[in-house]
Amino acid sequence: MKNSVFGALGALLLSAASAQAAELRLSHQWSTSDIRHKVAEIVANEVAAADVDLEVQIFPSQSLFKAREQYTPLSRGQLDMTVLPLSYAGGQQPAYNLTLMPGLVKNHDHAARLNTSPFMASLEEKMADDDVMVLVHGYLAGGFAGADGCITKPEDVAGLQTRAAGKAFEQMLAAAGASIASMASSEIYNAMQTGVLDAANTSSSSFVSYRLYEQVKCYTPAGDVALWFMYQPLLMNKSTFDGLSAEQQAALMAAAEKAEAYYLEEAKKEDAASVEVFRENGVEIAEMSQADFDAWRALAQGSSYKAFLEGVPDGQALLDMALAVE
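The following paragraphs examine the structure supplied in this document. These figures come from a predicted structure and were not determined experimentally.

1. Regarding the overall build of the protein chain
Check the secondary structure of the protein chain and you find 13 helices and twelve strands. A globule of 326 residues ought to have a C-alpha radius of gyration of about 20 Å, and the protein chain, at 22 Å, matches this closely. For the protein chain, the C-alpha atoms occupy an extent of roughly 90 × 45 × 30 Å along the three principal directions. Looking at the protein chain residue by residue over its 326 residues, the buried ones come to 51%. Of the contacts formed within the protein chain by residues at least 6 apart in sequence, a portion of 77% connects residues at least 24 apart. A total accessible area of about 14,200 Å² is found for the protein chain, and carbon and sulfur atoms account for 50% of it. In the protein chain, which carries 22 positive and 41 negative side-chain charges, the distance between the mean positions of the two groups comes to 3 Å.

Right under this line is the structure:
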């Protein structure tokens, strides 16, 4: 009888201990050399080093969920964590489309200020409604490239067959007189090579990884001012986080703080590195001025912003909060 009591007690203690141990599954769409994978790795490695019975297992390259199919399983608790361009979930929460809006973010330091603003707090409230929370904030920037000439101001795209990254950018470029060709960034090279495409807008990292410097005459990178910024945070299911021990939560938050600092610094480096690669390959480097930026934003206000406001009841308040961040 005594042995059975001790056996039951041992099983109970073992069960209690294992309840504290947890494995989290983190999914993303990129390769293991990508900055966003490195951000995920920092979180996983720092949590492991904290020795709090918590492991983060990373599934890169869409090996667990397809790129645009991660937010729903995350919100349902079928996935614990993801690094995701938040605008991918704009169908579920139209307000998220503001995180890929022309001219809303001027540069990386401005993006960092947005991350701690009432605007982001409002978006995080919407995420909480979906049982989602932000662990690591991060924006990546991008620019323009022209097969035959430089693109810095709206009139430069008039009449050009142009690929844009995101619906809001397509709306703005169409308003500037461009013809829009929708395609994945992986298809830009071939489209330019065959003359289907005259100009493209994508991220700094994609410009380099897809070797677009081989097909363009001029590159306008993200510099002191840039039009294209995309919010791509590391998100977590909120209930999963709340179910962890205080030590595990603290380890995750400390890891996230370190990863966020790395994300900001490396995002800046990616822009600068892309300039060097294009310059080394004989491509002209153009610079967008503040006046150019203001002209694009004015165009976006009558096109992209207007279209956004038509579909989001609290859109004006959110847009005003974003624009209020200096």
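2. Brief notes about the state of the cysteines
Going through the model one piece at a time under the given rule, you end up with one disulfide. A disulfide bridge connects Cys150 with Cys218, and the sulfur atoms are separated by 2.0 Å. Disulfide Cys150 to Cys218: torsion about the S-S bond roughly 95°, handedness right-handed. Separated by 68 residues along the polypeptide, Cys150 in the loop between strand E5 (139-146) and strand E6 (161-163) and Cys218 in strand E9 (residues 218-220) bring together distant segments of the chain.

3. A few points about helix H11 (residues 290-302)
With 13 residues, H11 should cover 18 Å at 1.5 Å per step; its first-to-last C-alpha distance of 19 Å lies within 8% of that length. Those residues of H11 that sit buried are Asp292, Phe293, Trp296, Arg297 and Ala300. Seen from one end, H11 has its buried residues packed into an arc of 130°, which puts them on one side. Exposed positions of H11 whose direction lies more than 90 degrees from the buried face are Ala291 and Gly302.

4. Focus: the pairing of strand E4 (residues 132-136)
Most of E4 sits out of view: five of its five residues are buried. As defined by bridge partners, E4 adjoins strand E11 (residues 234-237) across four bridges and the pair is classed as antiparallel. Of the residues in E11, the one forming a bridge with Val134 is Leu235.

5. Overview of the side chain of Ser304
Counting through the fold element by element, Ser304 comes out in helix H12 (residues 304-311). A residue is classified by how much of its surface remains accessible, and Ser304, at 1% relative accessible area, is buried. Ignoring anything within four residues of it in the chain, the contact list for Ser304 reads Met101, Pro102, Ala168, Gln171 and Met172.

6. Examining the nonpolar core
Formed by 57 residues in total, the largest nonpolar core has its most connected members in Tyr71, Met127, Tyr139, Leu235 and Trp296. Not counting residues up to four positions away in its chain, the partners in contact with Trp296 are Ile151, Thr152, Lys153, Pro154, Val157, Met172, Leu173, Ala176, Leu227 and Met288. Within the second largest apolar cluster, 31 residues are counted, among which are Ile35, Val136, Leu234 and Tyr263.

7. Some points on helix H6 (residues 167-175)
Among the residues making up H6, those that are buried are Ala168, Phe169, Glu170, Met172 and Leu173. After H6 finishes, the residue Gly177 shows a positive phi value of roughly 100°.

8. What about the layout of surface pockets?
Looking at the largest pocket, its volume works out to about 1,200 Å³. Residue lining of the largest pocket: 47 residues in total, with Arg68, Tyr88, Leu100, Ala165 and Met230 positioned closest to the centre. Of all elements in the fold, only helix H2 (35-50), H6, strand E8 (199-203), helix H8 (204-209), strand E10 (228-231), helix H10 (246-280) and H12 reach the threshold of two or more residues within the lining of the largest pocket.

9. Section: the packing of aromatic side chains
Inspection of every chain in the model, using the stated rule, returns eight aromatic pairs. Ring centres of Phe207 and Tyr219 lie 4.9 Å apart, and the angle between their planes is 65°; on these two criteria the pair is classed as edge-to-face. Placement of Phe207 in helix H8 and of Tyr219 in strand E9 is noted, with a sequence separation of twelve residues between them. Tyr219 carries the same exposure label as Phe207, and that label is buried. Measuring from ring centre to ring centre gives 5.9 Å for Phe207 and Phe278, while their planes differ by 85°; the resulting arrangement is edge-to-face. Within this pair, whereas Phe207 is found in helix H8, its partner Phe278 is found in helix H10, the two being separated by 71 residues in sequence. For Phe207, a relative accessible area of 0% corresponds to the buried category. Judged by its relative accessible area of 0%, Phe278 is buried. Taking NZ or CZ as reference, Arg68 lies 4.0 Å from the ring centre of Tyr88, over its face. The ring of Tyr189 carries the charged tip of Arg211 above its face, separated from the ring centre by 5.1 Å.

Definitions and limits used
- Residue numbering note: each chain is counted from 1, following its sequence as written.
- Only residues with pLDDT of at least 70 are given local features in this predicted model, and only at 80 or more are side-chain atom pairs given and counted; all residues enter the totals for whole chains, interfaces and linings.
- Excluded from the side-chain calculations are hydrogens and water; all other atoms, namely the structure's heavy atoms, are used.
- Here a strand is any run of E in DSSP of at least two residues, a helix any run of H or I of at least four, and the numbering for each starts at the N terminus.
- For the radius of gyration, the atom set is restricted to C-alpha positions; the globular benchmark scales as 2.2 Å times the number of residues to the power 0.38.
- Relative accessibility thresholds used throughout: buried, under 20% of the residue-type maximum; exposed, over 50%; partly exposed, between the two (1.4 Å probe, protein chains only).
- Residue contacts are defined here by distance: any two heavy atoms, one from each residue, within 4.5 Å place the two residues in contact.
- In short, Shrake-Rupley with a 1.4 Å probe defines the accessible areas, and a residue's cover is counted only from the protein chains shown.
- His is not counted here, nor are the chain ends, while Lys and Arg score as positive and Asp and Glu score as negative.
- Here the site of a charge means atom NZ of a Lys, CZ of an Arg, CG of an Asp or CD of a Glu.
- Two cysteine sulfurs form what is called a disulfide whenever their separation falls within 2.5 Å.
- Here, expected helix span is obtained from the residue count minus one, scaled by 1.5 Å.
- The directions from the helix axis to the C-beta atoms form the arc being described.
- In this analysis, strands are considered paired if DSSP registers two or more bridges between them.
- The criterion is simple. A nonpolar core is a set of buried Ala, Val, Leu, Ile, Met, Phe, Trp, Tyr and Cys residues joined through side-chain atoms within 4.5 Å.
- Both site types are read off a 1 Å grid over the protein atoms alone. A 1.4 Å probe that fits but cannot get out defines a cavity, while an open set with protein on both sides within 12 Å along at least five of seven lines defines a pocket; lining residues have an atom within 4 Å of a point.
- Grid points are joined across faces, edges and corners, and a volume is the space filled by probe spheres set on the points.
- Any Phe, Tyr or Trp ring, taking Trp's six-membered ring, that has another such ring centre within 6.5 Å forms a pair; planes under 30 degrees apart are called stacked, those over 60 apart edge-to-face, and the others tilted.
- Ring-over charges, as used throughout, are those where CZ of Arg or NZ of Lys falls within 6 Å of the ring centre and within 35 degrees of the ring normal.

By themselves these figures say nothing about function.
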